[in-house]
Amino acid sequence: MEAEPFLGVARSLRGRAWRERPGDARAAAAIAEREGLPDIAARVLANRGVTPEAAPAFLRPQLRTTLPDPSCLKDMDMAAERLADAAEAGETVAVFADYDVDGATSAALLARFLEAAGGKASVHVPDRITEGYGPNEAAFDRFAAEGRRLVLLVDCGTTAFGPLAHAAGLGLECVVLDHHLPEARLPEALAVVNPNRLDETGELGGLAAVGVVFLLVVAANRALRRRGHYRFRPEPDLREWLDLVALGTVADVMELTGLNRTFVARGLEVLARRGNPGIAALLAAAGVERQPGAYHLGFVLGPRINAGGRVGEAGLGARLLASGDAEEACRLAEMLERLNGERRQVEADVLAAALAMEPEEGAPFVLAVGEGWHPGVVGIVASRLVERYRRPALVGALEGARIRGSARSVPGVPIGPAILAARDEGLLEAGGGHDMAAGFTLDLGKRGAFEAFLAERLGPLAPAEERVAPLDIDAGLSVAGASAGLLGHLAAVEPFGRGNPEPVFALPAVRVRHARIVGKNHVRADLADAGGGRLAAIAFRSAETPLGRALLETEGGALHVAGTLRADDWRGNGAVQLVISDAAPADTAP
């Protein structure tokens, strides 16, 4: 029997039913007693399926217990021995990296390891406009002309059959370090380390590329130690680079469970010391003074590092993260901060144009294509369309007779395999990705056939509009209960992200006061209850939505409001705010 909607909300202003997140009350009580946690924090843990026995490891994740032997991955030993050879010989290694945060952190991690171990990295990030996505023959020609012998491809390369065959013909030894979905065959390379290979167990399939690279660094460092390489030079402390691993993992929206949770939890501890000059400079440029959390990785640092690859110089992010020079880091951070502002405007323009193209009612996906759209923002715009229409979205920039685009999806509708299948059918020139995101290149003349193919493949999987996913509520909360003390208790459950979502609380029948638009499209308001409590709240990107309009038009009126609690950086002084995710009319005022 289906449970009654939480607070009776069967259809909210965002079209969602509210339901109490299922959890084991007895497990919550046991966790609270054993771990000395307040009831509400223990309840949040139990709601996420954490048992009393598993709670200690969840609350205090440690590398020594969660880090696997890197040799469990195919081709890892071969890759590690070759990287150790390069370090011993003082070789300059070419690193070809994707232009997103996962690629930038992976490249920076390799550069720092090689420098510490005696080698050197020459990092190349392809220009999105002139080179497109992924490995290309021109880059390999350049590596060969520069005398490089070893090329490490990070966050790309698994399906780059032609370019890697070309590299092999040039005598280059290529090692692929990736996590994107492969095909049955693998490219011609010295090693292909990818936990999603079809001959892998899949146990590490949720790693970002930077997680794969960290395992390689562990294995190569072990090989160097075994060879006695560190008898006359200090051995690097690999844990000091976990800030890079955490950043790439969160920015690539990997599930924060298991090893990824450990990477991020320990990486945030490293990040708090701000030992990486690039990260420290970027936090300063963004005005972040307090200890950063997972939110700052995904929504403050991530977009700024991405900005170089989207609307500026592609390699800026990797250079920033690899830099050991504080002055250079400050200069690069300022450039990325400026580019991020430009990216916001370009994104807003493309999003407005994409929204003007109303999708066909009932279509299982959204496809928006425009001439002159900047290819660096199509992925972000696709994400915004997913939020708006709650179905997979593909956004492409029309360049002559070719569409170059990105796709984003919803849970349960894997877009990466669909893109790969379309490529195998000859409908795409290039394409690849994973379940939630993919990239593609499409000949304009094949657009109709491509759309028909996707409709047939995604149609049975796409959720109907009336089956919008419910909003899971962890607990009801009063305005007075939304305190800094509660936020402190919830810190034990962090880091939050995909796979470990932030707790969502519902505040019943609160009065909305002083609602106003801030920034370009956000709504800020104060919430009050009958006891006189006040709580600052904000609903991002909502001014033109039913949610935002309700907040703006309900001055003094009552709404049930749901959202997550965060520190209010705008007000400071330990203040707490509710980040509103949904609301519904309240039948009675308090």
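Please refer to the structure higher up on the page.
Calculation notes
Residues numbered from 1 in each chain as written. Predicted model: local features only at pLDDT ≥ 70, side-chain atom pairs only at ≥ 80, totals over all residues. Heavy atoms only, no water. Axes fitted to C-alpha atoms, helices over the stretch in contact; angles between N-to-C directions. Helix = DSSP H or I, 4+ residues; strand = E, 2+ residues; numbered from the N terminus. Parallel < 35°, antiparallel > 145°, perpendicular 65-115°, else oblique. Left-handed = near helix turned anticlockwise from the far one by under 90°. Contact = heavy atoms within 4.5 Å. Nonpolar A, V, L, I, M, F, W, Y, C, P; charged D, E, K, R; others polar. Pairing = 2+ DSSP bridges.

## Overview of the packing of helix α6 (residues 101-117) against helix α10 (residues 242-251)
Closest axis-to-axis distance for the α6/α10 pair is 8 Å, and the angle between their directions is 165 degrees. Taken together, the axis directions place α6 and α10 in an arrangement best described as roughly antiparallel. The interaxial crossing formed by α6 with α10 has left-handed handedness. The segment α6 lies against α10, with V101, D102, T105, A108, L109 and R112 engaging L244, V245, L247, G248 and A251. Here the residues of the contact of α6 with α10 are counted per class, giving 7 nonpolar, 2 polar and 2 charged.

## So, the sheet that holds strand β9 (residues 402-408)
Taking strand neighbours across the sheet as the criterion, the 5 strands line up as β7-β8-β9-β11-β10 in an open arrangement whose pairing is mixed. With one partner strand each, in any of the chains shown, β7 (366-371) and β10 (430-433) form the two edges of the open sheet. Sheet twist, expressed as the average angle between the axes of neighbouring strands with direction ignored, equals 15 degrees. Alignment of strand β8 (residues 393-399) against β9, held across 7 bridges, turns out to be antiparallel. Counterpart to A397 in the pairing with β9 is R404. Sheet contacts for helix α16 (residues 378-389): β7, β8 and β9; angle to β8, the most-contacted strand, approximately 145 degrees. Strands β8, β9, β10 and β11 (437-443) of the sheet are contacted by helix α17 (residues 415-424), whose axis makes an angle of about 155 degrees with β10.

## A word on the sheet that holds strand β3 (residues 120-124)
Across the sheet, 5 strands lie side by side as β3-β2-β4-β5-β6; this open sheet has parallel pairing. Each having just a single partner strand, β3 and β6 (191-193) make up the two edges of the open sheet. Neighbour to neighbour, the strand axes of the sheet diverge by 20 degrees on average, direction disregarded. One ladder, built from 5 bridges, connects strand β4 (residues 150-154) with strand β5 (residues 173-177); its direction is parallel. Considered in β5, the bridge of V151 is made with C174. Helix α9 (residues 209-226) contacts β4, β5 and β6 of the sheet and is inclined by roughly 125 degrees relative to β5.

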